[in-house]
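The lines below spell out each chain.
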Amino acid sequence: MSGKVVLHYFNGRGKMESIRWLLAVAGVEFEEVYLTTEEQFRKLVDDGALLFHQVPLVEMDGMKLVQTKAILNYIAGKYNLYGKDIKERLMIDMYSEGARDIMDMIMILPFSPADQKQKQLDKIQVKVKERSLPAYEKALAQSQYLVGSQLSCADVHLLEATLMLEELFPTILSTFPKLQEFQKRMKAIPAINKFLQPGSQRKPPPDEVYVKTVMSVLSHLFK
Ligand SMILES: N[C@@H](CCC(=O)N[C@@H](CS)C(=O)NCC(=O)O)C(=O)O
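What you see is a predicted model; the values in this text were computed from it and never measured.

### Some remarks on the UniProt feature "domain: GST C-terminal" (unreviewed entry) in the protein chain
Alright, step 1. Per the UniProt annotation, the sites labelled "domain: GST C-terminal" (unreviewed entry) are residues 85–206.
Alright, step 2. Between the end C-alpha atoms of residues 85–206 there is a gap of 42 Å, over a span that is 68% helix and 0% strand.

Written as structure tokens, this is what we have:
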């Protein structure tokens with residue numbers, strides 16, 4: 001039981017995606033249980049598996065982990081992706097949260113009304129070009145890693161965020177050469193290269209299917 005890592009979430013990126021990324025980079029194999037019905041969700045709640053009645057839930061090391069940030073920090077700490085002291089951890093948290101801000105803006109897009117999507121996209125583009133990407137470009141001009149002298153979870157979250165951005169805005173990194181080099185370096189890391197191979201990452205369903213599933217599993221939130 002304690003050897004197997006099981007992820008409970010929807011078949012979509014959402015809040016679980018960064019956890020999948022970090023486990024993959026740490027070389028940890030995992031299984032997924034996709035929630036498709038309200039009954040499945042209720043059962044997890046009734047079994048006491050969801051501390052705050054929310055997913056993501058990760059079964060790992062004989063524990064039931066919830067709260068995305070806590071789960072990510074646990075994995076990062078366990079697999080040496082969380083710096084060497086509290087000052088490095090602080091910087092790692094700062095850069096990680098910056099990447100989280102980008103991903104959160106993108107994550108809610110499928111749930112935006114169709115007539116507001118373009119406005120949201122324009123807002124995201126301006127925000128990341130003016131704020132987020134220059135901050136990361138500056139950090140990467142000093143060192144190949146965002147923090148310290150080794151790979152950390154902040155690098156992994158930044159790669160995930162920049163790949164998500166490029167799906168929406170294919171040329172967004174064109175004026176950020178350090179970020180382009182960073183992506184290249186990161187993609188050459190064997191565990192990342194493996195995770196990015198077609199067939200290795202799950203293929204998330206189309207947005208409409210994902211949104212419909214979330215709304216039916218969590219129907220109590222949409223009443
Ligand atoms: N702070 C939590 C939030 C988790 C969360 O909002 N999960 C949603 C699905 S993405 C959920 O399970 N909502 C059910 C509810 O709040 O009743 C985390 O970061 O893990």
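### Examining the packing of helix 6 (residues 153–168) against helix 7 (residues 177–188)
Alright, step 1. Direction vectors running N to C along helix 6 and helix 7 enclose 110°, while the axes themselves pass 10 Å from each other. As far as their axial angle goes, helix 7 and helix 6 are roughly perpendicular. Note that helix 6 runs across helix 7; the crossing there is left-handed. Across from Asp155, Val156, Leu158, Leu159, Thr162, Leu163 and Glu166 in helix 6, the residues of helix 7 making contact are Leu179, Phe182, Gln183, Met186 and Lys187.
Alright, step 2. When the residues that make up the contact of helix 6 with helix 7 are grouped by side-chain class, the tally is 7 nonpolar, 2 polar and 3 charged.

### Here we look at the site of the ligand
Alright, step 1. Around the ligand, a shell composed of Tyr9, Lys15, His53, Gln54, Val55, Pro56, Gln67, Thr68, Leu218, His220 and Leu221 is seen.
Alright, step 2. Contact distances for the ligand include 2.7 Å between a nitrogen atom and a backbone N or O atom of Val55.
Alright, step 3. Residue Gln67 places a side-chain N or O atom 2.6 Å away from a nitrogen atom belonging to the ligand.
Alright, step 4. Expressed as a share of its isolated accessible area of 510 Å², the protein-covered part of the ligand is 75%.
Alright, step 5. Of the residues assigned to the shell around the ligand, the class counts are 5 nonpolar, 5 polar and 1 charged.

### Focus on the nonpolar core
Alright, step 1. Residues Phe10, Val58, Leu146, Leu165 and Leu179 are the most contacted members of the largest nonpolar core, which totals 70 residues.
Alright, step 2. If one sorts the elements of this core by residue count, helix 6 sits on top with 9 residues.

### Side note on the side chain of Arg20
Alright, step 1. Mapped onto the secondary structure, Arg20 falls in helix 1 (residues 17–25).
Alright, step 2. Taking the relative accessible area as the measure of exposure, Arg20 reaches 1% and is therefore buried.
Alright, step 3. Here Glu17 takes part through its side chain, which lies 2.8 Å from a polar atom of the side chain of Arg20.
Alright, step 4. Arg20 has contacts with Leu7, Tyr9, Phe10, Gly12, Arg13, Phe30, Glu32, Tyr34, Phe195 and Arg202, leaving out every residue within four places of it along the chain.

### Looking at a positive patch on the surface
Alright, step 1. A cluster of basic side chains, namely Lys119, Lys123, Lys127 and Arg131, defines a positive patch on the protein surface.
Alright, step 2. With respect to the helices and strands, Lys123 occurs in helix 5 (residues 117–142).
Alright, step 3. According to the relative accessible area criterion, Lys123 is exposed, its value standing at 53%.

### Topic: the confidence of the model for the protein chain
It should be kept in mind that the predicted coordinates are not to be read in detail where pLDDT is low.
Alright, step 1. Per-residue pLDDT for the protein chain averages 96, and the proportion of residues at 70 or more is 99%.
Alright, step 2. Among the prediction metrics, the complex's ipTM stands at 0.99, with pTM recorded as 0.96.

Calculation notes
Residues numbered from 1 in each chain as written. Predicted model: local features only at pLDDT ≥ 70, side-chain atom pairs only at ≥ 80, totals over all residues. Heavy atoms only, no water. UniProt positions renumbered as here; feature names shortened; annotations may be inferred. Helix = DSSP H or I, 4+ residues; strand = E, 2+ residues; numbered from the N terminus. Axes fitted to C-alpha atoms, helices over the stretch in contact; angles between N-to-C directions. Parallel < 35°, antiparallel > 145°, perpendicular 65-115°, else oblique. Left-handed = near helix turned anticlockwise from the far one by under 90°. Contact = heavy atoms within 4.5 Å. Nonpolar A, V, L, I, M, F, W, Y, C, P; charged D, E, K, R; others polar. Near = heavy atom within 4 Å. Polar contact = N/O pair within 3.5 Å; in protein donor to acceptor, adjacent residues only side chain to side chain. Areas by Shrake-Rupley, 256 points an atom, 1.4 Å probe, with all protein chains shown as cover. Core = buried A, V, L, I, M, F, W, Y, C linked by side-chain atoms within 4.5 Å. Buried < 20%, exposed > 50% of the residue type's maximum accessible area, 1.4 Å probe, protein only. Patch = residues over 30% accessible without salt bridge, like charges linked within 9 Å, V, L, I, M, F, W, Y side chains within 5 Å. Salt bridge = Lys/Arg side-chain N within 4 Å of Asp/Glu carboxyl O. Lys, Arg positive; Asp, Glu negative; His and termini not counted. Charge placed at Lys NZ, Arg CZ, Asp CG, Glu CD. pLDDT = per-residue confidence, 0-100.

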